[in-house]
Amino acid sequence: MSTAPAPEPRSYSYLGPRGTFTEAALAQVDEARGQEWRSVNNVGEALEDVVSGRSTAAMIAIENSIEGGVSVAQDALSTMPGLRIIGEYLVRVGFVLVVRPGTRLEDVKVVAAHPVAYAQCRGWLDRTLPGHAHIPASSNVQAAAGLLENDLADAAVAPPNIVDHYALDTLAHGIIDNPNAVTRFVLVSTSRELPRPTGADKTSLVAELPVDRAGALLELLEQFSTRGVNMSLLESRPIGDELGRYRFIIDADGHILDERVADAMLGVRRFSPSVVFLGSYPRADGARVSFDPRYGDDVFIDARDWLRAIVSGEPDVPPRIDGP
Ligand SMILES: O=C(O)C(=O)C[C@]1(C(=O)O)C=C[C@@H](O)C=C1
């Protein structure tokens, strides 16, 4: 009797050290349980692990409800070839201010924080510690761990459970400017296999505009609106080669195997000098995509069959009785 081959061991890279929100996002991935987890120092290293084959996939933060897009992640996904988003995960975030035991609030002059975390606590920090200086840290947990490694900073912005792991004192709880803050994470791999459509999917892409063409951005947006495809994210990032050149990061509702999304992608490809498909994957919130029946799969298929019949000289395809 032949037995099925054992599944290949997998490894997952994430921004460490242990205790980061990125680790909490990875903990939501069923297939990652019991597999190797590689703690790395930044998003570039996590994605490099995937490209080089050291890791099967990497979890990276892509957007925060207060700070917006995580630019380092958006830029890396736009420029490193061969990467695909295969899953999306949400983590509610909150922060405390921690210090070495004995430090008082009035002693705090320098605060270590991950830039995205700092931006989310900026209002509280400016009000409570006017004139403080900020030292960027590679992650929220590293900001806190660094307090015990050197005295470059007096305090750190860190996740609420940090004192369970490090001998630090909490000076203030709930320092985030909006208590409902959420960070969106994506799982990235080099797999060419498309996650199957679920009816609650998202498609991510990056597109550049034709140079110096009036209305080019409107034309990009029309590729989606004329196919009834809703966009949930549109952000611009500088391409970097000269002033005034931008690429657009787009999240659209639906899966590339949905006819209306595929047709919109063909439109973008015809119009944009550079378009990168980043993936179609299930939405973390599970919200089903709603769209006008005029943009259902059957309408696109019918139109294609009609055209094919004309071109190949086949008998006329009868008109759609429920036509748009
Ligand atoms: O994962 C962590 O804990 C991080 O420090 C990273 C990160 C990010 O890269 O945006 C993740 C979530 C928070 O909103 C702030 C920072």
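Residues numbered from 1 in each chain as written. Predicted model: local features only at pLDDT ≥ 70, side-chain atom pairs only at ≥ 80, totals over all residues. Heavy atoms only, no water.

The UniProt feature table records "site: Essential for prephenate dehydratase activity" (unreviewed entry) at Thr183. The topology assignment puts threonine 183 in strand S11 (residues 182-189). With a relative accessible area of 6%, threonine 183 lands in the buried category. When residues no more than four places from it in sequence are discounted, the contact partners of threonine 183 are Ala61, Glu63, Asn64, Tyr89, Leu90, Val91 and Val93. For threonine 183, the side chain forms a polar contact with the side chain of asparagine 64, separated by 2.9 Å. (UniProt positions renumbered as here; feature names shortened; annotations may be inferred. Helix = DSSP H or I, 4+ residues; strand = E, 2+ residues; numbered from the N terminus. Buried < 20%, exposed > 50% of the residue type's maximum accessible area, 1.4 Å probe, protein only. Contact = heavy atoms within 4.5 Å. Polar contact = N/O pair within 3.5 Å; in protein donor to acceptor, adjacent residues only side chain to side chain.)

Here we take up the packing of aromatic side chains. In the structure shown here, the tally under the stated rule is two aromatic pairs. Seen in terms of ring centroids, tyrosine 14 and tryptophan 37 are 6.0 Å apart; in terms of plane orientation they differ by 70 degrees. Their pairing is edge-to-face. Linking tyrosine 14 in strand S1 (residues 11-15) with tryptophan 37 in strand S2 (residues 36-40), this pair joins segments that are 23 residues apart in sequence. Its relative accessible area of 3% is what places tyrosine 14 among the buried residues. With 5.5 Å between their ring centres and 90 degrees between their planes, phenylalanine 21 and phenylalanine 95 make a pair best called edge-to-face. Separated by 74 residues along the polypeptide, phenylalanine 21 in helix H1 (residues 21-26) and phenylalanine 95 in the loop between strand S5 (84-92) and strand S6 (96-99) bring together distant segments of the chain. Judged by relative accessible area, which is 13%, phenylalanine 21 ranks as buried. In this structure, arginine 260 packs its charged tip against the face of phenylalanine 291, placed 3.8 Å from the ring centre. (Phe/Tyr/Trp six-rings, centres within 6.5 Å; stacked < 30°, edge-to-face > 60°. Lys NZ or Arg CZ within 6 Å of the ring centre and 35° of its normal.)

This part takes up the domain arrangement of the chain. Frequently, the measure chosen for interface size is the accessible area removed from exposure when the parts meet. According to the domain assignment, the chain contains domain 1 (8-92 + 181-193), domain 2 (96-173) and domain 3 (194-317). In this structure, domain 1 and domain 2 have C-alpha centres spaced 25 Å apart. With 13 residues of domain 1 at the contact, the number on the domain 2 side is twelve residues. Across the domain 1 to domain 2 interface the summed buried area is about 940 Å²; carbon plus sulfur atoms make up 67%. The three residues of domain 1 that bury the most area against domain 2 are Pro17, Phe21 and Glu67, which together make up 39% of that side's buried surface. For the pair domain 1 and domain 2, the number of links is zero salt bridges. Applying the counting rule to domain 1 against domain 2 returns two residue pairs in polar contact (both at pLDDT 80 or more). Residue composition of the side of domain 1 that touches domain 2, by class: six nonpolar, five polar and two charged. (Domains from an automatic or database assignment. Buried area = accessible area lost by both parts, 1.4 Å probe. Salt bridge = Lys/Arg side-chain N within 4 Å of Asp/Glu carboxyl O. Nonpolar A, V, L, I, M, F, W, Y, C, P; charged D, E, K, R; others polar.)

Packing of helix H7 (residues 259-271) against helix H8 (residues 297-312) brings their axes to within 8 Å, and their N-to-C directions diverge by 60 degrees. Between H7 and H8, the crossing angle belongs to the class labelled oblique. The segment H7 lies against H8, with Glu259, Arg260 and Asp263 engaging Asp297, Phe300, Ile301 and Arg304. Taken together, the residues that form the contact of H7 with H8 break down as two nonpolar, no polar and five charged. (Axes fitted to C-alpha atoms, helices over the stretch in contact; angles between N-to-C directions. Parallel < 35°, antiparallel > 145°, perpendicular 65-115°, else oblique.)

What follows concerns the UniProt feature "domain: Prephenate dehydratase" (unreviewed entry) in the chain. Residues given the UniProt feature "domain: Prephenate dehydratase" (unreviewed entry) here are residues 11-190. The straight-line gap between the two end C-alpha atoms of residues 11-190 is 13 Å; of that span, 27% is helix and 32% is strand.

With that settled, the discussion passes to the pattern of salt bridges. When the charged atoms of two side chains lie near each other, side chains of opposite charge can form a pair. A full pass over the atoms with the stated rule returns 21 salt bridges. Ionic pairing is found between arginine 213 and glutamate 219, a salt bridge with its closest N-O pair at 3.0 Å. Overall, the relative accessible area of 39% leaves arginine 213 in the partly exposed class. A relative accessible area of 26% means that glutamate 219 is categorised as partly exposed. Within this structure, Glu63, Glu88, Arg184, Lys202 and Asp251 form a network of salt bridges that share partners.

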